[in-house]
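# Structural overview for review
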Amino acid sequence: MIQLSNITKIYKTKNGDLTAVRDVNLSIEQGEIFGIIGYSGAGKSTLIRLLNGLEKPTSGEVIVSGEDIARISGGKLRQARQKISMIFQHFNLLWSRTVEENIAFPLEIAGVSKGERAARVQELIELVGLQGREKAYPSQLSGGQKQRVGIARALANNPEVLLCDEATSALDPETTEAILELLLDINKKLGLTIVLITHEMNVIRKICHRVAVMEAGQVVEQGQVLNVFQNPQATITKNFVSQVSDSSETKESIEQIIANYPTGKIVRVTFVGQSTKEPIMSQLIKRFDVEINILHGAISHTANGPYGTLIVHIDGAQGNIEEALHLLATNNIQTEVIARG
Amino acid sequence: MVEQLFPNVNWDRMWQAAYETIYMTAVSTVITFILGLVIGILLFLTSPHQLWANKIANFITGSLVNIFRSIPFIVLIILLIPLTNLLVGTIRGTNAALPALIIGAAPFYARMVLIALREIDKGVIEAARSMGAKTSTIIFKVLIPESLPALISGITVTAIALVGYTAMSGIIGAGGLGQLAYIDGFQRDRSDVTQVATIIILVIVFIIQWIGDVITTKVDKR
Ligand SMILES: Nc1ncnc2c1ncn2[C@@H]1O[C@H](COP(=O)(O)OP(=O)(O)O)[C@@H](O)[C@H]1O
Ligand SMILES: [Mg+2]
């Protein structure tokens, strides 16, 4: 559906050239929710804006549903944009228009007749759950409602791709949850391909199928969300993963525990899918004569399935600990030694 | 009673002059609005990072606006006498005042249009572009509606300035309250004529301000 090949984007600035995106290759399938995560300034917005031609790459190729976005312009590009919608962090609604007029705007652009517009707008208002607010102006809406208008507007012309630039970053956690639900719902109902950028791993965990991690303009890691959570490679990815798995409380208590247990090892064990159901810990205790103390446990749900993390303290003879860890590894269970006594 | 207060006022002439002032203000305001809007939008679209970003076009338009904005109106009237003669065929009467009024006010208003357009959230223009909007759609459905309160309060200020300019146009015999106050009031030493002309000018200004405020509030949904 979307194919980025060797994309580089260099901005010419007063202080010289700035490489915002460097040699990125991505392939996004039809109907998937693809997340791009990175800290501020990583080049995420630049990358997503290349997908609808708001920016042109300095080099490389951008193919979106068969169109060579970087090379088309004028009417052809405008036509293509009607099938590649976008929603924004700050919603970008026209304050001078009511909810229904805002949603009708892309239909006006597409030249849809007045009668058809009204019917379509009503459909969209129901889809995003804004019944009763049709005549309200954006200034009278909450952040979540504004983003619903943004989503309805983006869906008006039945796009094939929906681009979300930090669409939930200006919202509180509950509203974020609701908007993510809505996006997931739309993805299932309409089979829409969604590309979503964010700096919050929670957003990735909740709805994305695959994720790419960006740092300094480059994609440093990408894969199935579940795999990335289970087995992050790059340091930056590990940081993002621990955003979700470890609360600051756990971090503190781990430090406390490390101080309290001078011997043995503290290990983070990550279970995925089937392995969450096996009584592996009790097996370890029986077979290797080690003591296992569970310090922290959590289960998270991703779009690819659930995964659990346990932080345990394993103590016993050195060889036994090694063997226990080895057994976990042979059972496809990820382990990471956080600290050793 | 009124006759005793203002013994020298010829009311027919007074109302005729008021009509001329209103006529010159109204016509020049309408044309200034259109011309200023066009120039302001051009200035905006040709500025850096905008849709028609073009250094040369922006520089030329900006310079012309600044030059005409800096010429004192009274000087502009005199400078424009040949042009007026060419356009209107005479340099006397209300219509002869229009070229100077418009050329004096349009650059002034164009600046206000530019400031108003710069206040528009960049994201909204980007959103329209991402929907596949043409530049003309962006102008008429985004730029103008989204800056309308500022465009209207700007034209209100400009219209009031134009009332003042019409008075100055009296020196080329444009007519109106300014000329009446000067010729009938000042030169013949009839201060009551000047006073009545002033009061009518004030009333006109207040009415313009009031209309402008009402419309601005009505269109502002922010
Ligand atoms: N139009 C531009 N001109 C110059 N530099 C830009 C422009 N847009 C973005 N940048 C720079 O490119 C880098 C990446 O920005 P951006 O894509 O917005 O990152 P992100 O969305 O991940 O925060 C930043 O260093 C930013 O300053
Ligand atoms: Mg960004």
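See the structure above.
### Regarding a nonpolar patch on the surface
Residues and elements named next belong to chain B. On the surface, Ile199, Val203, Ile207, Trp210, Ile211, Val214 and Ile215 cluster together into a nonpolar patch covering about 640 Å² of accessible area. Locating Trp210 in the fold gives a position in helix H10 (residues 191-219). Since its relative accessible area comes to 58%, Trp210 is described here as exposed.

### Description of the side chain of Arg117 of chain A
All names here are of chain A. With respect to the secondary-structure elements, Arg117 resides in helix H4 (residues 114-127). A polar atom in the side chain of Arg117 sits 3.1 Å from the backbone oxygen of Val112. When sequence neighbours within four positions are dropped, the list of residues in contact with Arg117 reads Ala104, Leu107, Glu108 and Val112.

### Section: the pairing of strand E6 (residues 84-88) of chain A
Residue and element names in this part refer to chain A. Most of E6 sits inside the fold, with 5 of its 5 residues counted as buried. Here E6 shows a buried face lined by Ile84, Met86 and Phe88 and a second buried face lined by Ser85 and Ile87. Note: E6 against strand E7 (residues 161-165), 5 bridges, orientation parallel. What sits directly across from Met86, in E7, is Leu163.

### Here's the deal with the interface of chain B and chain A
Across the boundary between the two partners, chain B contributes 22 residues, which contact 22 residues of chain A. In total, about 2000 Å² of surface goes out of reach between chain B and chain A, with carbon and sulfur atoms giving 60% of it. Among the residues chain B hides against chain A, the three largest losses belong to Ser130, Met131 and Lys221 of chain B. Together they make up 32% of the total. Connecting chain B to chain A are 2 salt bridges. Measuring nitrogen to oxygen at the nearest pair gives 2.7 Å for the salt bridge that ties Glu108 of chain A to Lys141 of chain B. Seen at the junction of chain B and chain A, the total is 7 residue pairs in polar contact (both at pLDDT 80 or more). Of all the secondary-structure elements, those providing two or more residues to the side of chain B that touches chain A are helix H7 (122-130) and helix H8 (135-168) of chain B. With 7 residues, H7 of chain B is the largest single contributor of residues to the side of chain B that touches chain A. A breakdown of the residues in the side of chain B that touches chain A according to their chemical character gives 9 nonpolar, 4 polar and 9 charged.

### Focus on the pattern of salt bridges
In total, this model carries 17 salt bridges over all chains according to the counting rule given. For the salt bridge of Asp185 of chain A with Lys189 of chain A, the shortest nitrogen-to-oxygen distance reads 3.4 Å. Of this pair, Asp185 of chain A and Lys189 of chain A both sit in helix H6 (residues 173-190), separated by 4 residues, roughly a single helical turn. Across the salt bridge formed by Glu322 of chain A and Lys265 of chain A, the nearest N and O atoms sit 2.8 Å from each other. Here the residue Glu322 of chain A occupies a position in helix H12 (residues 318-330), and Lys265 of chain A occupies one in strand E11 (residues 265-272), the gap between them amounting to 57 residues. One salt-bridge network, in which partners are shared between bridges, spans Lys9, Arg49 and Glu55 of chain A together with Glu126 of chain B.

### Considering the packing of aromatic side chains
Residue and element names in this part refer to chain B. Counted under the stated rule, the structure contains 6 aromatic pairs over all chains. Consider the rings of Trp11 and Trp15, whose centres lie 5.9 Å apart with planes at 35°: the pair is tilted. You can see Trp11 and its partner Trp15 sitting in helix H2 (residues 11-46), 4 residues apart, about one turn around the helix. Residue class for Trp11 comes out partly exposed when judged on its relative accessible area of 22%. Each ring, one from Tyr182 and one from Phe186, has its centre 5.7 Å from the other, and the planes form 15°; the classification is stacked. Of this pair, Tyr182 and Phe186 both sit in helix H9 (residues 177-187), separated by 4 residues, roughly a single helical turn. Assessed through its relative accessible area of 45%, Tyr182 is described here as partly exposed.

### Notes on helix H1 (residues 44-51) of chain A
Residue and element names in this part refer to chain A. Of all the 8 residues making up H1, 7 are buried; the element is thus mostly covered by neighbouring parts of the structure. By the burial criterion, the buried members of H1 are Lys44, Thr46, Leu47, Ile48, Arg49, Leu50 and Leu51. One or two steps after H1, the chain reaches Gly53, where phi turns positive at roughly 75°.

### Quick notes on the packing of H2 of chain B against helix H3 (residues 55-70) of chain B
All names here are of chain B. Contact pair H2 / H3: the axes reach a minimum separation of 9 Å and the direction vectors enclose 140°. Seen from above, H2 lies across H3 with left-handed handedness. Residues Ile39, Leu42, Leu43 and Thr46 of H2 touch H3, and the partners they reach there are Ala57, Asn58, Thr61, Gly62 and Val65. Along the lines of polarity and charge, the residues of the contact of H2 with H3 split into 5 nonpolar, 4 polar and no charged.

### Things to note about the state of the cysteines
What the rule picks out here adds up to 0 disulfides over all chains. Cysteine Cys164 of chain A is unpaired, with the sulfur of Cys208 of chain A as its nearest cysteine sulfur at 9.0 Å.

### As for the site of ligand 1
Residue and element names in this part refer to chain A. Around ligand 1, the structure places Tyr11, Thr13, Leu18, Ala20, Tyr39, Ser40, Gly41, Ala42, Gly43, Lys44, Ser45 and Thr46. In this structure, a nitrogen atom belonging to ligand 1 sits 3.5 Å away from a side-chain N or O atom of Tyr11. Of all elements in the fold, only strand E1 (2-13), strand E2 (16-28) and H1 reach the threshold of two or more residues within the shell around ligand 1. Top contributing element to the shell around ligand 1 by residue count: H1, with 3 residues.

### Here's the deal with the sheet that holds strand E4 (residues 59-64) of chain A
All names here are of chain A. Strand order in the open sheet formed by 4 strands is E2-E1-E4-E5, with antiparallel pairing between adjacent strands. Two strands bound the open sheet, and with one partner strand each, they are E2 and strand E5 (67-68). Pairing of E1 with E2 involves 9 bridges; the strand directions are antiparallel. Paired with Thr13 across the strands is Gly16, a residue of E2. Strand contacts of H1: E1, E2 and E4, with the helix running at about 120° to E1, the strand carrying the most contacts.

Cut-off values and rules
- Residues numbered from 1 in each chain as written.
- Chains lettered and ligands numbered in written order.
- Predicted model: local features only at pLDDT ≥ 70, side-chain atom pairs only at ≥ 80, totals over all residues.
- Heavy atoms only, no water.
- Patch = residues over 30% accessible without salt bridge, like charges linked within 9 Å, V, L, I, M, F, W, Y side chains within 5 Å.
- Areas by Shrake-Rupley, 256 points an atom, 1.4 Å probe, with all protein chains shown as cover.
- Salt bridge = Lys/Arg side-chain N within 4 Å of Asp/Glu carboxyl O.
- Helix = DSSP H or I, 4+ residues; strand = E, 2+ residues; numbered from the N terminus.
- Buried < 20%, exposed > 50% of the residue type's maximum accessible area, 1.4 Å probe, protein only.
- Polar contact = N/O pair within 3.5 Å; in protein donor to acceptor, adjacent residues only side chain to side chain.
- Contact = heavy atoms within 4.5 Å.
- Pairing = 2+ DSSP bridges.
- Buried area = accessible area lost by both parts, 1.4 Å probe.
- Nonpolar A, V, L, I, M, F, W, Y, C, P; charged D, E, K, R; others polar.
- Phe/Tyr/Trp six-rings, centres within 6.5 Å; stacked < 30°, edge-to-face > 60°.
- Axes fitted to C-alpha atoms, helices over the stretch in contact; angles between N-to-C directions.
- Left-handed = near helix turned anticlockwise from the far one by under 90°.
- Disulfide = S-S within 2.5 Å.
- Near = heavy atom within 4 Å.

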